[in-house]
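The primary structure of each chain is shown beneath.
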Amino acid sequence: MNAPLPGPSPAAETLPRGDDPATTAQSEGAAAANPAPSGKPPPEPLVRLALLLAACFLGVGVTMPFLPPFLAGKGLGPQAVAGVLFAGSLVRFAVGPAFGRLADRLGDGRLVLAPCAAAAGLAALIFLPAEGFLAMLAVQVAFAAAMAPLGPLGEALTLAATRRAGADFGRVRSAGSAAFILGAAGAGAVASWIGYAAMPWLLGACYAAAALTAWALPRAGQPPSPPVAAKGGLRSLFALHLLRRPGFGRLVAITGLVQGSHAAYYGFSSIHWARAGHSPDTIGLLWSEGVLAEVLLFFWARPLLGRLSPRALMLLAAGAGLLRWSALAATTELWALVPLQLLHALTFGAQYLGAMRWLSAHAPPGEALSAQSLHAALGNTGAQALAMLAAGALYAAAGPGAFLAMAALCALALPVAWHWRAG
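Being a predicted model, the structure only gives us computed values, none of them experimental.

K.L.:
Any chance you could explain the overall build of the protein chain here in plain terms?
P.N.:
Summing up its helical and strand segments, the protein chain has 18 helices and 0 strands in all. Sorting the 423 residues of the protein chain into buried and exposed places 58% on the buried side. For the protein chain, the proportion of contacts with a sequence separation of at least 24, taken over those separated by at least 6, is 85%. When the accessible surface of the protein chain is split by element, carbon and sulfur atoms take 72% of a total near 15500 Å².

Structure below.
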């Protein structure tokens, strides 16, 4: 599963990417060589990968909506909560590319995924006795470092496997999003029954399951890549040379602006909605609704978005974000939140699918996991870390005004995406 990604993802290969005729021809040739998946059951490796993604994102479904209220319940204020979340993002940003590089060198992603998932489960349980900002900060650093490679490596392995099998990546990836829904809804129900103190126990169970599913993956057949020292030392360890590849740097910038704009939502929507009088059950269902829309988009991406290039998907996501965050700044009424949550399919899902489509088509030989991890570290984790730090200060000072700052990030993403020419 660590083999380089030789061509476009099947979810994207039926139609042109961008406006360049050369890439259009490349796309059409790939489509002819790799027909659409049939109705046959997916091969066993894809089932195992779907289970891995489900276990990993089950934990994310618990963490994103309910770690902030858990921290607030431990006595941390908005800026302290933002500081703890920022530290986690900063750690994931720092160690994610190194784990991706290590997986490429080992030639077997299981050797990174399984121990990291087990460590994340153990670290989550240490949240229980921790008290005070510094203790919470230390636990969050350990937890974030352990979970850093799980999503990027699991997705990179799935991209490569679906490409080889002629399967639809979006449909396999939807298992992770569906599990997120179960995590968010289930954690909301548990929080209503027991309280937010149950969150560490749920996280421990989720990541224990992720460790087992990671170890159950088939052994990779790719030989290890050459040692890092032979390729340029520390710079190569983090694969920063990939930023010089045509189109990759701008993709990272677009991802950073659009995915970074979710920081106020990820960090403070649950707190904001709880202050407005919504119950934990309702908050969990709102989060679940957003990801359900994402699941449906992933499952039907080929007929719905197959004719859109990666650039068009970026523009669609940025425009939807501008609308979504502006509206969230204006209201907490349930009648408005329900339709607004459907936009998560575009603000997250469309941008994500566009990025995966481009990465699948342009991943460098022998560095597919490195490219995926670097993109996730800089475009997702790093950008969200900075935006989260700003969102904490903004929410403490201006409350829902923090969402307007997120809308501004999407407005900045529009011209960046418009001028993107993916080579």
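K.L.:
Just to check I follow, could you spell out empty space enclosed by the protein for this structure?
P.N.:
With a probe scaled to a water molecule rolled over the atoms, the places where space remains empty come into view. A full pass over the atoms with the stated rule returns 3 cavities of 30 Å³ or more. The space that makes up the largest cavity amounts to roughly 910 Å³. Together, 45 residues line the largest cavity, and Phe-57, Val-60, Met-64, Arg-92 and Gln-384 are the ones closest to its centre. In terms of residues, the lining of the largest cavity owes the most to one element, helix 17 (residues 368-398), which gives 9 residues. Counted by class, the lining of the largest cavity contains 24 nonpolar, 17 polar and 4 charged residues.

K.L.:
Looking at this model, I keep getting lost on the environment of Ala-114. Mind explaining?
P.N.:
Summarising the element assignment, Ala-114 is placed in helix 4 (residues 110-125). For the pair Ala-114 and Leu-217, spaced 103 residues apart in the sequence, the C-alpha separation amounts to 9.7 Å. Not counting residues within four places of it along the chain, the set of residues in contact with Ala-114 comprises Ala-211, Ala-214 and Trp-215.

K.L.:
Got a minute to help me understand the packing of helix 4 against helix 8 (residues 199-215) in this structure?
P.N.:
Describing two packed helices takes the angle between their axes plus the distance from one axis to the other. Two numbers describe how helix 4 lies on helix 8: the axes approach to 7 Å, and their chain directions differ by 165°. Considered as vectors, helix 4 and helix 8 are oriented roughly antiparallel to each other. When the axes of helix 4 and helix 8 are compared, the crossing they make is left-handed. Judged by residue contacts, Arg-110, Leu-111, Leu-113, Ala-114, Ala-117, Ala-118, Ala-120, Gly-121, Ala-124 and Leu-125 of helix 4 engage Pro-200, Trp-201, Leu-203, Gly-204, Tyr-207, Ala-210, Ala-211, Ala-214 and Trp-215 from helix 8. Its residues assigned to classes, the contact of helix 4 with helix 8 shows 16 nonpolar, 2 polar and 1 charged.

K.L.:
Would you mind going over the packing of helix 11 (residues 263-275) against helix 18 (residues 401-418) with me for this structure?
P.N.:
At a minimum axis separation of 10 Å, helix 11 and helix 18 run at an interaxial angle of 160°. With respect to helix 18, the axis of helix 11 lies roughly antiparallel. At the point where helix 11 passes helix 18, the crossing takes the left-handed sense. Facing Ala-263, Ala-264, Tyr-265, Ser-269 and His-272 of helix 11, the residues of helix 18 in contact are Ala-402, Phe-403 and Met-406.

K.L.:
Would you take a moment to explain the packing of aromatic side chains for this structure?
P.N.:
How two aromatic rings sit relative to each other is set out by the distance from centre to centre and by the angle between their planes. Evaluation of the coordinates by the stated rule reveals 17 aromatic pairs. Note on Phe-70 and Phe-127: the rings are 6.0 Å apart at their centroids and 80° apart in plane angle, and the pair reads as edge-to-face. Of this pair, Phe-70 sits in helix 2 (residues 44-73) while Phe-127 sits in the loop between helix 4 and helix 5 (133-147), and the two are 57 residues apart along the sequence. Each member of the pair, Phe-70 as well as Phe-127, is classed as buried. Each ring, one from Trp-358 and one from Trp-420, has its centre 6.2 Å from the other, and the planes form 45°; the classification is tilted. Of the two residues, Trp-358 is situated in helix 16 (residues 344-362) and Trp-420 in the segment after helix 18; the sequence distance between them amounts to 62 residues. For the pair Trp-358 and Trp-420, a shared accessibility class is recorded, and that class is buried. When the ring centre of Trp-215 is taken as origin, the NZ or CZ atom of Arg-110, which lies over that ring, is 4.8 Å away.

K.L.:
Where do I start with the state of the cysteines in this structure?
P.N.:
Here is the idea: a disulfide is a covalent bond, and it sits between the sulfur atoms of two cysteines. Summed over all chains, the structure comprises 0 disulfides. The thiol sulfur of Cys-206 is not disulfide-bonded, and the nearest other cysteine sulfur, from Cys-56, lies at 10.0 Å. Of the residues examined, Cys-206 reaches a relative accessible area of 7% and is grouped as buried.

K.L.:
Would you explain the pattern of salt bridges in this entry?
P.N.:
Side chains that carry opposite charge are capable of pairing whenever their charged atoms lie near each other. Following the criterion strictly, the structure yields 3 salt bridges and no others. The residue Glu-131 makes a salt bridge to Lys-74 at a minimum N-O spacing of 3.2 Å. You can see Glu-131 sitting in the loop between helix 4 and helix 5 and its partner Lys-74 sitting in the loop between helix 2 and helix 3 (78-106), a full 57 residues away along the chain. Measuring nitrogen to oxygen at the nearest pair gives 3.0 Å for the salt bridge that ties Glu-155 to Arg-173. Of the two residues, Glu-155 is situated in helix 6 (residues 150-165) and Arg-173 in helix 7 (residues 169-193); the sequence distance between them amounts to 18 residues. Accessibility assignment for this pair places Glu-155 and Arg-173 in one class, buried. Bridged by salt links that share partners, the residues Glu-155, Arg-173 and Glu-294 form one connected network.

Quick notes on the rules
- Residue indices begin from 1 for each chain and proceed along its sequence in written order.
- For this predicted model, a pLDDT threshold of at least 70 governs which residues receive local features, and a threshold of 80 or more governs which side-chain atom pairs are given and counted, while totals over whole chains, interfaces and linings are taken from all residues.
- Calculated side-chain values reflect all of the structure's heavy atoms, with hydrogen atoms and water omitted.
- Numbering of helices and strands runs from the N terminus, with a helix taken as a DSSP run of H or I at least four residues long and a strand as a DSSP run of E at least two residues long.
- Note on classification: 1.4 Å probe, protein chains only; a residue is buried when its accessible area is under 20% of the maximum for its type, exposed when over 50%, partly exposed between these limits.
- The contact criterion used is simple: two residues touch if any of their non-hydrogen atoms lie within 4.5 Å.
- A 1.4 Å probe and the Shrake-Rupley method give the accessible areas. Residues count as covered only by the protein chains that appear here.
- A cavity, in this analysis, means grid points on a 1 Å lattice covering only the protein atoms where a 1.4 Å probe fits yet has no way out; a pocket is instead an open set bounded by protein on both sides within 12 Å along at least five of seven lines, and a residue lines either one if it has an atom within 4 Å of a point.
- Grid points are joined across faces, edges and corners, and a volume is the space filled by probe spheres set on the points.
- In this classification, the charged set is Asp, Glu, Lys and Arg, the nonpolar set is Ala, Val, Leu, Ile, Met, Phe, Trp, Tyr, Cys and Pro, and all remaining amino acids, among them Gly, are polar.
- As a rule, the C-alpha atoms of each element are fitted with a line to give its axis, helices using only the stretch in contact, and angles between N-to-C directions run from 0 to 180 degrees.
- Every angle not falling under 35 degrees, over 145, or within 65 to 115 is termed oblique; those three ranges are roughly parallel, roughly antiparallel and roughly perpendicular.
- A clockwise turn of the near helix away from the far one marks a right-handed crossing, whereas an anticlockwise turn of less than a right angle marks a left-handed crossing.
- Under the pairing criterion, centres of Phe, Tyr and Trp rings, with the six-membered ring standing for Trp, must be within 6.5 Å; the plane angle then separates stacked pairs below 30 degrees from edge-to-face pairs above 60, leaving the rest tilted.
- Each ring is checked for a lysine NZ or an arginine CZ that lies within 6 Å of its centre and within 35 degrees of its normal; such an atom marks a charge sitting over the ring.
- Only a pair of cysteine sulfur atoms within 2.5 Å qualifies as a disulfide here.
- Salt bridges are identified by distance alone: a Lys or Arg side-chain nitrogen within 4 Å of an Asp or Glu carboxyl oxygen.

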